[in-house]
Amino acid sequence: MFCAPTELFWSINPRMKKATINNVADLAGVSIKTVSRVINLDPNVRAATQERVALAIAELNYSPNPAARILARRRVVNRSLGLPTIDGSAV
């Protein structure tokens, strides 16, 4: 019996509720980096590849994880706050 790739994925991983970038890459037949390039609109990806990735994203109903995107950027927001001490000088 033939199973579509997404049916096979969900039958193997029934507890997974959300598709990952790995699932998209597997379905599209490309690397994770290529999926990332397509998501981030890198101009150096062939149109045919962009279309395959876009179809895989749509089929799996993939959406990037916002927390993972923040971690991947490795940007830390530093906020400092000068508070006066009892004698009036700033710390």
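Residues numbered from 1 in each chain as written. Predicted model: local features only at pLDDT ≥ 70, side-chain atom pairs only at ≥ 80, totals over all residues. Heavy atoms only, no water.

### Quick look at the packing of helix α2 (residues 21–28) against helix α3 (residues 32–39)
Working step 1: With their axes 8 Å apart at the nearest point, α2 and α3 run at an angle of 100° to one another. Compared by their axis directions, α2 and α3 come out roughly perpendicular. Packed against α2, whose contacting residues are I21, N22, V24 and A25, the element α3 presents I32, V35, S36 and I39 at the interface.
Working step 2: Of the residues that constitute the contact of α2 with α3, the class distribution is 6 nonpolar, 2 polar and no charged. (Axes fitted to C-alpha atoms, helices over the stretch in contact; angles between N-to-C directions. Helix = DSSP H or I, 4+ residues; strand = E, 2+ residues; numbered from the N terminus. Parallel < 35°, antiparallel > 145°, perpendicular 65-115°, else oblique. Contact = heavy atoms within 4.5 Å. Nonpolar A, V, L, I, M, F, W, Y, C, P; charged D, E, K, R; others polar.)

### Side note on helix α4 (residues 47–60)
Working step 1: With 14 residues, α4 extends 20 Å between its outermost C-alpha atoms, agreeing within 8% with the 20 Å of an ideal straight helix rising 1.5 Å per residue.
Working step 2: Residues of α4 that are buried include every one of T49, V53, A56, I57 and L60, and no others. Projected down its long axis, α4 shows its buried positions confined to an angular sector of 100°, all on one face. Facing away from the buried side of α4 by over 90 degrees, the exposed positions are A47, A48, E51, L55 and A58.
Working step 3: Once α4 ends, the next one or two residues include N61, with phi positive near 55°. (Expected span 1.5 Å × (residues − 1). Buried < 20%, exposed > 50% of the residue type's maximum accessible area, 1.4 Å probe, protein only. Arc of directions from axis to C-beta.)

Purely spatial values, then, with no claim about function.
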